[in-house]
Amino acid sequence: MADQELTLEEREATIGGIGTARKRKEDARFIVGQGNYIDDLKLPGMLHGDFVRSSHAHALIKSIGTEAALKVDGVLAVLTAKDIPGKNFRFGSDTATHPGQPILVEDMIEFTGDALAVVGAESREALEAGIAAIKVEIEAREGVWTTRHGEKTAGERRVCDFEVTRGDAPAAFAAADVIIERTYETQLAEHAFIEPASGTSWLEEDGVLTIRVGTQLIEYYRAMAMMLGLPQSRVRHLGTYVGGGFGAKITTYLEPVAAVLSKKSGRPVQVVMSRKDVFEGTGPTSASTMRTKIGATKDGKITAAQVWMAFEAGAYPGSPVGGGTLCATGPYNIANLLVDGYDVVVNKQKVQAYRAPGQPQGAFAVEPVIDELAEKLGMDPLEFRLKNAVKEGDRMPNGVPHPHFGVMEMEEAMKAHDHYRTPLTGPNQGRGVAVGYRWQGGQASSATITVNNNGTINLVTGSVDIGGSRTAVAMQAAEILGISAEDVSPTVVDTDTIGWTGVTGGSRPAFDTGLAAIQAAQETIRLMKARAALLWEIDEEEVIFDGGIFRCTSTEDNISFKDLSARLMRTGGPVTCSVSAASPGSGPIIAGNLVDLEVDPETGKVDILRYTAFMDVGTAVHPAYVEGQIQGGTVQGIGWALNESYFYDEEGVMLNSSFLDYRMPTSLDVPMIDTVMIEVPNPKHPFGIRGVGEAPIIPPLPALAIAVSNAIGVKMSDLPLTPDVILAALESKGS
């Protein structure tokens, strides 16, 4: 006998809600400010840990005296490099050809803030006294500060080269009617997450080392095992809420020393960095020097492009120059191309991935030249971009064919938008137009679904939720199962509970972990079809599933997902499905900006008048989340372009290592960021999803530079565009 049919209204209410603003799947305590982050965790007998850091940027360690620190009342342990039992390198800092940054320096100090030793104590007071008691004897060496620190010296510190080439760029310049060649520079910029790097470690009764840390990657526990000389099965990482990361919390800074202190003392240990330590001891994004040359014919066709990039890696190799070389010219179909990228080691903090690593710098090297070419040719800047835009089948800079994505659709939307059609209204105002391209790879993810007897499901994943991925992934599973997103209970768990899951970064969780959840949901349907077949005494092949209803193809029998869930224990027992899914890579993505601003010629201050951010989002799973990602990335790009920079003295000591002195935009500095979401479905995903977390930060750098250039009549080539830089440009114009 058939179960009662659902009405149309009931059916519509059961769908997962892809494309709608469903209720966020978050712990309600965080909404009212009562959620527990790492430094809220207090365990019995817990020690406090902290680093002894170098006050020199480059020096040879002759000795580290720890005896006096160990005599301080309340100090229970002191670590130096010799106490690291396994591999002494920071996870995520090594490259294929060069060793990584040491957890604790063994012999050569490479930047101010380098970690030399660690103290574990029973109180903050004892901790500070223990740190003060450690004596470090060094022999100072001369440092290298930038990619331009002497042509020969900087050249010797180039440790990794990238080259992207196609056609014959030097020869193709001869066919150009107009050639523009410019040099650009960017400075170090901070991620500025609110929760400082922090972690807690303890030994369980069975000897398993447990780590709870604010991280974007639970899988680093495997590297932790290697650092500590332990089997992976003896290390467990507990996922937790993270107070911002933006790429900085993919790597390990303090977790290994907290773990070694735990093992050495037999006590839980918590290490929480001060804001000064975050600035000086963790990694910003790269500063860069770039030279760009692009030629075009008089009818507006680009003939050739040549880009040279040198990115600061900091004290150890591994800058994101690869992202810059691959993506700088990505929006354009250029037959003749040569892009050279160089990873340059300098005596500063080892840089770390920051939201679309390397790509904002790359766009800043190319987009102003594109705009200037359009100006020289008398063409509309968006029309020029459209004339040279890539389309499906055109080659990426590395030769891989593009799938379909919304470059032309987005640029057409920008050109047709009211913002672009509305004229500026006053003097000293300028408009900037820029687009930014990113190619996105992927990593494996795992998901487990358990069906409850009331028709709800528990969804377990390992993707740390920073930007709403818990909700986005839950909605995808619900859509497959034909149930409401509110009937999914998503949980992010520890490494003992879930299979291999890659980083919350690279704009991948909604895409990659979503694919794992989709496959787990599909397997759940397969198993439940067998239960329906058992009820109806038919073959499994006769059962189909659509919109939350199981149906028999040979009779009128049907049963809802919810009703069948209530009968699982009578038809074979519970249904739980676990899947580990490889990623096909989410592919290319494009974002664009229109910005109007006004420059005060007396002070050099920039006021943003209007800002519209465009993006091909594929399918917006949860539009409110997508809008938030676009706005957040745009504001970070605004800060990077207009205000943010690290300042050092002549000895390589950072001078603005606090939020008081590091100038970031506040709500008073930016207008409402209007967003326009273009939905060109991604052919690599069942629902057409693309990652949206990173591309929004790419176009603000060139868009703002172009707008300021148009406002003051001087081509701006160095970031940030602070008032003193703008005033200097105005003075040069006057002279």
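Since the structure is predicted, the reported quantities are computational estimates derived from the model, not experimental observations.

Asks: Tell me about the pairing of strand E13 (residues 288-296), residues and numbers included.
Replies: Counting buried positions over the nine residues of E13 gives seven, a clear majority of the element. Of the strand pairs in this sheet, strand E8 (residues 178-186) and E13 are connected by nine bridges, and their pairing is antiparallel. Along E13, the bridge assignment pairs Ile-180 with Ile-294. As paired strands, E13 and strand E14 (residues 302-314) are joined by nine bridges and run antiparallel to one another. Each residue of the ladder has a partner; that of Gly-295, found in E14, is Ala-304.

Asks: For the nonpolar core, give the residues involved together with the corresponding values.
Replies: Across soluble globular proteins, you tend to see nonpolar side chains buried next to one another. Core analysis: the biggest nonpolar cluster contains 97 residues, and Leu-704, Val-708 and Ile-712 have the highest contact counts within it. Sorting elements by how many residues they give to this core places helix H11 (residues 359-377) first, with nine residues. Dropping the residues within four chain positions of it, Val-708 is found in contact with Leu-597, Val-599, Val-606, Met-716, Leu-721 and Ile-726. Judged by nonpolar contacts, the second largest core, of 42 residues, contains Leu-481, Ala-517, Phe-561 and Val-575.

Asks: A description of the sheet that holds strand E19 (residues 488-492) should follow, citing residues and the corresponding values.
Replies: Across the sheet, four strands lie side by side as E19-E18-E17-E23; this open sheet has mixed pairing. Each edge of the open sheet carries a strand with a single partner, namely E19 and strand E23 (576-581). Going across the sheet, the axis of each strand differs from the next one's by a mean of 15 degrees, ignoring polarity. Bridge count between strand E18 (residues 457-461) and E19: five bridges; the pairing is parallel.

Asks: For the environment of Ile-706, give the residues involved together with the corresponding values.
Replies: Among the secondary structure elements, Ile-706 is positioned in helix H19 (residues 700-712). Sequence separation of Ile-706 and Asp-371 is 335 residues, and the distance between their C-alpha atoms is 7.7 Å. Ignoring any residue separated from it by four or fewer positions in sequence, one finds Ile-706 in contact with Glu-367, Pro-368, Asp-371, Arg-385, Arg-431, Gly-432 and Val-433.

Asks: Run through helix H7 (residues 221-228), naming residues and quoting values.
Replies: The periodicity of an α-helix, 3.6 residues per turn, causes residues three or four positions apart to be oriented the same way. Burial analysis of H7 places six of its eight residues in the buried class, the great majority of the element. Listing the buried residues of H7 in full gives Tyr-221, Ala-223, Met-224, Ala-225, Met-227 and Leu-228. Structurally, H7 contributes buried residues whose contacts are with strand E10 (209-213), strand E11 (235-238) and helix H8 (255-265). Gly-229, located one to two residues past H7, shows a positive phi value of around 70 degrees.

Asks: Talk me through the environment of Gly-130; I want residue IDs and the actual numbers.
Replies: In this fold, Gly-130 is placed in helix H4 (residues 124-133). Exposure remark for Gly-130: the relative accessible area of 0% places this residue in the buried category. For the pair Gly-130 and Ala-68, spaced 62 residues apart in sequence, the C-alpha separation works out to 7.8 Å.

Asks: Which residues make up unusual backbone geometry, and what values go with them?
Replies: A cis amide bond links Leu-719 with the next residue in sequence, Pro-720, at an omega value of 0 degrees. Take Pro-720: it is sitting in the loop between H19 and helix H20 (723-734). A positive phi angle is found at Arg-355, which is not glycine, with a value near 30 degrees. Looking at the secondary structure, you find Arg-355 in the loop between strand E15 (337-345) and H11. A positive phi angle is found at Ala-356, which is not glycine, with a value near 65 degrees. Relative to the helices and strands, Ala-356 is located in the loop between E15 and H11.

Asks: Can you lay out the confidence of the model for the protein for me, pointing to particular residues and giving the numbers?
Replies: Any residue range with low pLDDT should be treated as having predicted coordinates unsuitable for detailed reading. For the protein, per-residue confidence averages 93 on the pLDDT scale, and residues scoring 70 or more make up 95% of the total. Note on residues 1-14: pLDDT under 50 across the span, and 22 contacts to partners over four residues away in sequence or across chains.

Asks: Provide a residue-level description of the environment of Leu-655, including the pertinent values.
Replies: If you trace the backbone, Leu-655 turns up in the loop between helix H18 (623-642) and strand E26 (673-678). Residue Leu-655 is classed as exposed on the basis of its relative accessible area of 54%. Taking the C-alpha atoms as reference points, Leu-655 and Glu-280, separated by 375 residues in sequence, lie 9.8 Å from one another. The residues touching Leu-655, leaving out its near neighbours within four places in the chain, are Phe-647, Tyr-648 and Asp-649.

Asks: I'd like a rundown of the side chain of His-685, residues and numbers included.
Replies: On the secondary structure map, His-685 appears in the loop between E26 and H19. According to the relative accessible area criterion, His-685 is buried, its value standing at 5%. A polar atom in the side chain of His-685 sits 3.0 Å from the side chain of Gln-476. With near-sequence residues (within four places) excluded, His-685 lies in contact with Gln-476, Ala-510, Phe-511, Leu-515 and Ile-518.

Asks: Tell me about the sheet that holds strand E2 (residues 59-65), residues and numbers included.
Replies: Sheet architecture is open: three strands sit in the order E4-E2-E6, paired in antiparallel fashion. In the strand order of this sheet, the two ends are held by strand E4 (108-109) and strand E6 (135-140), each with one partner. Taken together, the six bridges between E2 and E6 define a ladder with antiparallel strand orientation. Note on E6: the bridge partner recorded for Leu-60 is Glu-139.

Asks: Explain the side chain of Gln-352 to me, using residue names and the numbers behind them.
Replies: Relative to the helices and strands, Gln-352 is located in the loop between E15 and H11. With residues up to four places along the chain from it excluded, the contact list for Gln-352 reads Arg-90, His-191, Gly-247, Ala-248, Ile-250, Thr-251, Tyr-253, Gly-283, Pro-284 and Thr-285.

Asks: How would you summarise helix H15 (residues 469-481) if you had to cite specific residues and measurements?
Replies: If you check H15, its first and last C-alpha atoms are 18 Å apart, about what 13 residues at 1.5 Å a residue would give, namely 18 Å. The buried fraction of H15 amounts to 12 of the 13 residues, a majority that puts the element mostly inside the structure. Every buried residue of H15 is accounted for by Ser-469, Arg-470, Thr-471, Ala-472, Val-473, Ala-474, Met-475, Gln-476, Ala-477, Ala-478, Ile-480 and Leu-481. Positive phi appears at Gly-482, one or two residues downstream of H15, with a value of about 70 degrees.

Asks: Could you give an account of the packing of aromatic side chains, with specific residues and numbers?
Replies: When we look at a pair of aromatic rings, we describe it by the centre distance and by the angle of the planes. Scanning all chains against the criterion turns up 10 aromatic pairs. Between the aromatic rings of Phe-545 and Phe-550, the centroid separation amounts to 4.5 Å while the plane-to-plane angle is 50 degrees, which identifies the pairing as tilted. Phe-550 gets classed as buried once you look at its relative accessible area, which sits at 0%. A connected cluster of aromatic rings, assembled from ring pairs, spans Phe-279, Tyr-646, Tyr-648, Phe-659 and Tyr-662. Its guanidinium or amino end placed over the ring of Phe-51, Arg-53 lies 4.5 Å from that ring's centre, counting from NZ or CZ. Between the NZ or CZ atom of Arg-291 and the centre of the ring of Trp-308, over which it lies, the distance is 4.0 Å.

Asks: Run through the packing of H18 against H19, naming residues and quoting values.
Replies: Direction vectors running N to C along H18 and H19 enclose 50 degrees, while the axes themselves pass 8 Å from each other. One finds that H18 runs oblique with respect to H19. Crossing geometry of H18 relative to H19 is assigned as right-handed. Contacts from Thr-634, Gly-637, Ile-638, Trp-640, Ala-641 and Leu-642 in H18 reach Pro-700, Leu-701 and Leu-704 in H19. Of the residues that constitute the contact of H18 with H19, the class distribution is seven nonpolar, two polar and no charged.

Asks: Provide a residue-level description of the pattern of salt bridges, including the pertinent values.
Replies: Applying the stated criterion across every chain yields a total of 26 salt bridges. The shortest N-O distance in the salt bridge between Lys-249 and Glu-195 comes to 3.3 Å. Pair noted here: Lys-249 is in the loop between E11 and H8 and Glu-195 is in the loop between E8 and strand E9 (198-203), with a separation of 54 residues, a long-range link. Judged by its relative accessible area of 9%, Glu-195 falls in the buried class. In this structure, Glu-367 engages Arg-385 in a salt bridge whose closest nitrogen and oxygen atoms are separated by 3.0 Å. Highlighted residues: Glu-367 in helix H11 and Arg-385 in helix H12 (residues 381-387), separated in sequence by 18 residues. The structure contains a network of salt bridges with shared partners spanning Lys-82, Asp-83 and Lys-264.

Reading the values: rules and limits
- Residues numbered from 1 in each chain as written.
- Predicted model: local features only at pLDDT ≥ 70, side-chain atom pairs only at ≥ 80, totals over all residues.
- Heavy atoms only, no water.
- Buried < 20%, exposed > 50% of the residue type's maximum accessible area, 1.4 Å probe, protein only.
- Helix = DSSP H or I, 4+ residues; strand = E, 2+ residues; numbered from the N terminus.
- Pairing = 2+ DSSP bridges.
- Core = buried A, V, L, I, M, F, W, Y, C linked by side-chain atoms within 4.5 Å.
- Contact = heavy atoms within 4.5 Å.
- Axes fitted to C-alpha atoms, helices over the stretch in contact; angles between N-to-C directions.
- pLDDT = per-residue confidence, 0-100.
- Polar contact = N/O pair within 3.5 Å; in protein donor to acceptor, adjacent residues only side chain to side chain.
- Expected span 1.5 Å × (residues − 1).
- Phe/Tyr/Trp six-rings, centres within 6.5 Å; stacked < 30°, edge-to-face > 60°.
- Lys NZ or Arg CZ within 6 Å of the ring centre and 35° of its normal.
- Parallel < 35°, antiparallel > 145°, perpendicular 65-115°, else oblique.
- Left-handed = near helix turned anticlockwise from the far one by under 90°.
- Nonpolar A, V, L, I, M, F, W, Y, C, P; charged D, E, K, R; others polar.
- Salt bridge = Lys/Arg side-chain N within 4 Å of Asp/Glu carboxyl O.

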